[in-house]
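One letter stands for each residue in the lines below.
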Amino acid sequence: MSYYTFVSFQYLDDPKTDLSELHAGLLKLLDEHGLHHDVADGISELIDNGEASFTFYSGCATLEFIFHWLAMQRPGTAFGVRGTGEDLRDIWVREFSGGDVQFAQGPFSED
């Protein structure tokens, strides 16, 4: 699993929910887990633009944890995230709906 991950974001249904409203709660979550606030900026960029890059020295499973938290905050919003890392086979997909993971494929078990 690589540290540098390119992630794409996609809503899976309509209407879209403004997940940026959760920014303050996300900052608190990051503080609780000792993560830099730049991660929140990356999440905002991802949701606004549909793609962003992340660097996690704590392991990329951190992203899955954050997206799961977002899904739990907005269980009525279905969305998917797909990431690719530095290694050829470092590819993962997660789909969230109803506040939980509905589909998962690819790494994170190593983290």
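Residues numbered from 1 in each chain as written. Predicted model: local features only at pLDDT ≥ 70, side-chain atom pairs only at ≥ 80, totals over all residues. Heavy atoms only, no water.

A. Summary view of the overall build of the chain. Along its length, the chain carries three helices and five strands. Walking the chain from its N terminus toward its C terminus, one meets helices and strands in the order β-α-α-β-α-β-β-β. In the chain, buried positions account for 39% of the 111 residues. Within the chain, counting contacts between residues at least 6 apart in sequence, those at least 24 apart form 59% of the total. A total of about 6,200 Å² of accessible surface is found on the chain, and carbon and sulfur atoms cover 48% of it. (Helix = DSSP H or I, 4+ residues; strand = E, 2+ residues; numbered from the N terminus. Buried < 20%, exposed > 50% of the residue type's maximum accessible area, 1.4 Å probe, protein only. Contact = heavy atoms within 4.5 Å. Areas by Shrake-Rupley, 256 points an atom, 1.4 Å probe, with all protein chains shown as cover.)

B. Spotlight on the packing of helix α1 (residues 23–32) against helix α2 (residues 38–49). Following both chains from N to C, one finds α1 and α2 inclined at 140 degrees, their axes separated by 9 Å at the closest point. Regarding the angle of α1 to α2, the classification is oblique. In this structure, the crossing between α1 and α2 has a hand that is right-handed. Contacts from His23, Leu26, Leu27 and Leu30 of α1 reach α2 at Val39, Ala40, Asp41, Ile43 and Ser44. (Axes fitted to C-alpha atoms, helices over the stretch in contact; angles between N-to-C directions. Parallel < 35°, antiparallel > 145°, perpendicular 65-115°, else oblique. Left-handed = near helix turned anticlockwise from the far one by under 90°.)

C. Up close: α2. Along its 12 residues, α2 runs 16 Å from first to last C-alpha, staying within 8% of the 16 Å computed at 1.5 Å per residue. Of the positions making up α2, those classed as buried are Val39, Ala40, Gly42, Ile43, Leu46 and Ile47. Relative to the axis of α2, the buried residues are bounded by an arc of 160 degrees and lie together on one face. Summarising the geometry of α2, the exposed residues directed more than 90 degrees from the buried face are Asp48 and Asn49. Backbone geometry just after α2 places Gly50 at a positive phi near 85 degrees. (Expected span 1.5 Å × (residues − 1). Arc of directions from axis to C-beta.)

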